[in-house]
Every structure is written in structure tokens, then in C-alpha cells.
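Take a look at the letters that make up each chain.
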Amino acid sequence: MTATLTRVDPASAAPVKRRRRSLGWLAVLPLLVFTGLAFGVPAWAILDGAFTGDGGYTAGNLTASLQGAYLTALLGSVKLSAVSAVLAAALGLPLAQAVVTSRHRALREAVLTASGVLANFGGVPLAFAFVATLGNAGVLTRHFGLTDHGWDLYSFWGLVIVYLYFLIPLMVLTITPALEGLRVQWREAAQNNGATPVQYWLHVALPVLAPSLLGGLVLLFGTAFAAYATAAAIVGSSIPLVTLQIADALSGNVLVGQENVALALSLDMVIVAGLVMAVYLPLQRRSARWLA
């Protein structure tokens, strides 16, 4: 038998590659159209409304959104999100480490599965669960007399506890891949050089995990910053939050004709979210280089 070799002309192969590339763009076109309609149109509406006033385009709405009660609400959301994110990161890291080092595969999978469910459990159902459990007439509140000890679910720290319910599982899901990327050889090398477990974590593990930890912290902050339904169902307007201020301005509960100021507040939130993502993405790329 004789083998016949066929020589492919590069000039004839180039049109085929270009045709495949064009077909690939056609396959992505529906996603691009959906993205443009779902995100582009609302973004343009927010941008246009934020700079629209009675006499045409103006920056007065943005100025108003950074003054008085609106500024207080924006700072309140930043404070709530920052405190919740730091606590969730501090509590989620050791929990994720316990999951990664566990020898029981069933327990590990159960915790990760539960974290995936709880990280997406929020809104009114979560608020109702906490009100029924830790509200003023909640089961645990009455059973342990928590009100006599100063407990109040409808406060800043009460809202922090509620936020931790879905932020800690989110932190577990976020940091677990990074913990799995820690090399066993690094720990063994540290032990061979006389390092204690504390020294290993301080000088080896935590510096390597720092980009992932900061990235997870930023992600938690963004998640808490954008939360609305849970806070609205629990505290209403008793705690100043920017999402609640936007809802009040759009519905005219406090002041009539403040719709454009609400859009300016939404633009402020978009800017904060953009800053969060600008910090998050480089950290993720840096951690991927270390832990790949």
C-alpha cells in the first residue's frame, strides 16, 4: 500500500478560516443583542435621566444625590456593606479551610452544595425567616429573652446578621478554589525549615491567598451593596440605605418629582460597582497566576 499525501494550499485555507470566524460571530449575535437590550437600554435610561432636568440636561441631579439624606443613605450602604463583607470574609475563610481539609467527601460536598443554595437565598423569604426566628416576637427571641439583653433585629447590627446568612456561604464558594490551589509542598517545605503552622499561614499561605481574599472581599461588598428586598422587608426606611432611597424617590413616598434624583443615585451605585469590579478583576487574574 502506498500513502498519498495531499498538500493544502495556505491561500485556499484562509477563506475557510475567515468563513468559520464569521459564522462564529453569527452564533454570538443573539447573546450580544440580548445583552444590549437587557443592560444597554437600562444603562442609557439611567444615564439620560440622571442628567435630565426641567430645563434640559443638567448636573443638578448628581449634585442633589450627594447631599443631605441621599448622601447619608449612600454612606450608610457603604458602611453596612463593608462591615458585612469583612465579617463574612473573616468567618468564611476558616470554614472553607475546614471544608478543604476534611477527609469526609460527603461532608465536603454537602457544605459546598448548601453554600451554593444559601448564597442565593435572600429577599423577602429570608427576611420572613429571620423575623419569625429573631424578630421582636420571634421564636428564639422569646425563648431566650433576647430583647432583655438589648437584641434588636430591626437595627444596623441586626441587618448585618441577616446579610451574613448569605455572604458567608458566598465567601466559602469564592475562596475554596484558592485554598485547594495551595501546594502541599509549600507546607512541607515550611515544616522542614522549622516553621510552625501559624508561621506557615502568616508568611506563606496568606500572602499567596491575599489576591483571592481581597477579591472575595470586594465581591462580598458588591453583593451587600446591591441588596434591596431583604433590607426593605426588615427595616423599611428606618435605616438609611441607598437602595431604599432610590425606591422611595421613584415611588414618591417622601418627595414627589424626585425620579431623576433616583436615577442619579442609581448612577452613583453603578459607579461604585464599576470601581468594585475594577479592583476585583485584576486581583482574580493575579491569584490565578499564583494558584494555577
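This report concerns the structure included in the present document. These numbers come from a predicted model, not from an experiment. (Residues numbered from 1 in each chain as written. Predicted model: local features only at pLDDT ≥ 70, side-chain atom pairs only at ≥ 80, totals over all residues. Heavy atoms only, no water.)

## Structural notes on the side chain of Asn 61
Point 1. Position of Asn 61 relative to the elements: it lies in helix 2 (residues 60-65).
Point 2. Residue class for Asn 61 comes out buried when judged on its relative accessible area of 11%.
Point 3. Within the structure, the side chain of Asn 61 is placed 3.1 Å from the backbone oxygen of Ala 50, a separation counted as a polar contact.
Point 4. Beyond its immediate chain neighbours, meaning those up to four positions away, Asn 61 contacts Gly 49, Ala 50, Phe 51, Thr 52, Asn 260, Val 261 and Ala 264. (Helix = DSSP H or I, 4+ residues; strand = E, 2+ residues; numbered from the N terminus. Buried < 20%, exposed > 50% of the residue type's maximum accessible area, 1.4 Å probe, protein only. Polar contact = N/O pair within 3.5 Å; in protein donor to acceptor, adjacent residues only side chain to side chain. Contact = heavy atoms within 4.5 Å.)

## A few points about the pattern of salt bridges
Point 1. According to the stated counting rule, one finds two salt bridges in the structure shown.
Point 2. A salt bridge links Arg 105 to Glu 109, with the shortest nitrogen-to-oxygen separation between them at 3.0 Å. One end of the pair, Arg 105, and the other, Glu 109, are both in helix 4 (residues 105-118), four residues apart, so they sit about a helical turn from each other.
Point 3. Here Arg 105 falls in the exposed class, since its relative accessible area comes to 63%.
Point 4. A relative accessible area of 39% means that Glu 109 is categorised as partly exposed.
Point 5. Across the pair Arg 108 and Glu 180 runs a salt bridge, and its minimum N-O distance is 1.8 Å. With Arg 108 in helix 4 and Glu 180 in helix 7 (residues 156-180), this pair connects stretches of sequence that are 72 residues apart. (Salt bridge = Lys/Arg side-chain N within 4 Å of Asp/Glu carboxyl O.)

## Brief notes about the environment of Ser 251
Point 1. Within the secondary structure layout, Ser 251 lies in helix 11 (residues 242-251).
Point 2. For Ser 251 and Ala 262, which are eleven residues apart along the polypeptide, the C-alpha to C-alpha distance reads 9.7 Å.

## Things to note about helix 11
Point 1. Counting buried positions along helix 11 gives seven out of ten residues, so the element sits mostly inside the fold.
Point 2. Burial in helix 11 covers these residues: Val 242, Thr 243, Leu 244, Gln 245, Ile 246, Asp 248 and Ala 249.

## Some remarks on the nonpolar core
Point 1. If you look at the biggest cluster of nonpolar residues, it comprises 58 residues, and the most contacted ones within it are Leu 159, Tyr 163, Ile 175, Leu 179, Leu 182 and Leu 220.
Point 2. At the level of elements, helix 3 (68-101), helix 5 (123-134), helix 7, helix 9 (197-226), helix 10 (229-234), helix 11 and helix 12 (259-291) are the ones that each hand at least two residues to this core. (Core = buried A, V, L, I, M, F, W, Y, C linked by side-chain atoms within 4.5 Å.)

## Some words on the side chain of Thr 174
Point 1. Secondary-structure assignment places Thr 174 in helix 7.
Point 2. A polar contact of 2.7 Å, which involves the side chain of Thr 174, links it to the backbone oxygen of Leu 170.
Point 3. Sequence-distant contacts of Thr 174, that is, excluding residues within four places in its chain, are made with Gly 216 and Leu 219.

## Observations concerning the packing of helix 3 against helix 9
Packed helices, taken two at a time, are described by their axes: the angle between them and the distance between them.
Point 1. At a minimum axis separation of 8 Å, helix 3 and helix 9 run at an interaxial angle of 140°. Considering their axes alone, helix 3 and helix 9 lie oblique with respect to each other. Seen along the crossing, helix 3 lies across helix 9 with a hand that is right-handed. Side by side, helix 3 and helix 9 meet where Leu 74, Ser 77, Val 78, Ser 81, Ala 82, Ala 85, Val 86, Ala 88, Ala 89, Leu 93 and Gln 97 of the first sit next to Trp 201, Leu 206, Leu 213, Leu 217, Leu 220, Phe 221, Ala 224 and Phe 225 of the second.
Point 2. Of the residues belonging to the contact of helix 3 with helix 9, the class tally is 16 nonpolar, three polar and no charged. (Axes fitted to C-alpha atoms, helices over the stretch in contact; angles between N-to-C directions. Parallel < 35°, antiparallel > 145°, perpendicular 65-115°, else oblique. Left-handed = near helix turned anticlockwise from the far one by under 90°. Nonpolar A, V, L, I, M, F, W, Y, C, P; charged D, E, K, R; others polar.)

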